[in-house]
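The lines below spell out each chain.
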Amino acid sequence: EVQLVESGGGMVQPGGSLTLSCAAFGFNFSTYDMSWVRQAPGKGPEWVSHINYAGANTYYADSVKGRFTISRDNAKNTMYLQMNSLTPEDTAVYYCNAKTSISVEGREYWGQGTQVTVSS
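Residue indices follow the written sequence of each chain, beginning from 1 at its first position. For a predicted model such as this one, the threshold for reporting local features is a pLDDT of at least 70, and the threshold for listing and counting side-chain atom pairs is 80 or more; totals across whole chains, interfaces and linings nevertheless cover every residue. Each side-chain value is derived from all of the structure's non-hydrogen atoms; neither hydrogens nor water enter the calculation.

**Q** Any chance you could explain the pairing of strand β7 (residues 68-73) here in plain terms?
**A** Successive side chains on a regular strand alternate, one facing one side of the sheet and the next facing the other. Think of it in three bands: residues with accessible area under 20% of the maximum for their type are buried, residues over 50% are exposed, and the middle band is partly exposed, with areas taken using a 1.4 Å probe on protein chains only. Helix numbers and strand numbers start at the N terminus; a helix is a DSSP run of H or I with at least 4 residues, a strand a run of E with at least 2. Judged by which residues are buried, β7 turns out to be one-sided: F68, I70 and R72 face inward and are buried, whereas T69, S71 and D73, on the alternate face, are not. As judged from the 6 bridges shared by β7 and strand β8 (residues 78-83), these two strands associate in the antiparallel manner. From the neighbouring strand, R72 faces β8, where its bridge partner is M79. Between β7 and β8, which pair antiparallel in sequence order, lie 4 residues; one of them, N77, sits at a positive phi of approximately 55°. Here, a strand pair is defined by DSSP locating no fewer than two bridges between the strands.

Okay, structure coming up:
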């Protein structure tokens, strides 16, 4: 069964830090580009960060650049998001997304999300 499982969410005060994890099951993780996408209540999804299948290339939304760090460990089939200097605007459900780097396959998977709440 294909599955993406996010973990590490919770409530922190502004300025705090959290590390999110996304564990992948049932597919060839090392061939998939990965992203973190978040959605705040009443808002549409916002792309947060991206890392290519080999971990060589990373990209960040302007809103998180310099504060968040995306990484992956292909041997563990896991992707991470280190979040520092959190603000209330970072409050959202964070989802991990996997999309095959092999374009002809056209496969894409989503996790269930993990809640991040930044509040004093």
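**Q** Sorry, what's going on with the sheet that holds strand β1 (residues 3-7) here?
**A** One key point about sheets: their strands pair by backbone hydrogen bonds, in either a parallel or an antiparallel sense. Pairing is antiparallel across the open sheet formed by 4 strands, whose spatial order is β1-β3-β8-β7. The open sheet is flanked by β1 and β7, the only strands paired with a single partner. Neighbour to neighbour, the strand axes of the sheet diverge by 15° on average, direction disregarded. Only C-alpha atoms enter the line fits that serve as axes; for helices the fit covers just the stretch in contact. Angles between N-to-C directions range over 0 to 180 degrees.

**Q** Hey, could you run me through the pairing of strand β11 (residues 114-118) in this one?
**A** Residues T114, V116 and V118 of β11 are buried on one face, while the alternating residues Q115 and T117, pointing to the opposite face, are not. For strand β2 (residues 10-12) and β11, the ladder comprises 3 bridges, and the chain directions are parallel. Its bridge partner being in β11, G10 is matched across the sheet by V116. Of the pairings in the sheet, the one linking strand β9 (residues 92-100) to β11 comprises 3 bridges and is antiparallel in character. Its bridge partner being in β11, A92 is matched across the sheet by V116.

**Q** I tried to follow the environment of S120 on my own but got confused; where do I start?
**A** Looking at the element boundaries, S120 is found in the segment after β11. In this structure, the C-alpha to C-alpha distance between S120 and Q13, residues 107 residues apart in sequence, is 5.0 Å.

In short, the description is geometric, and any link to function would need to be established separately.
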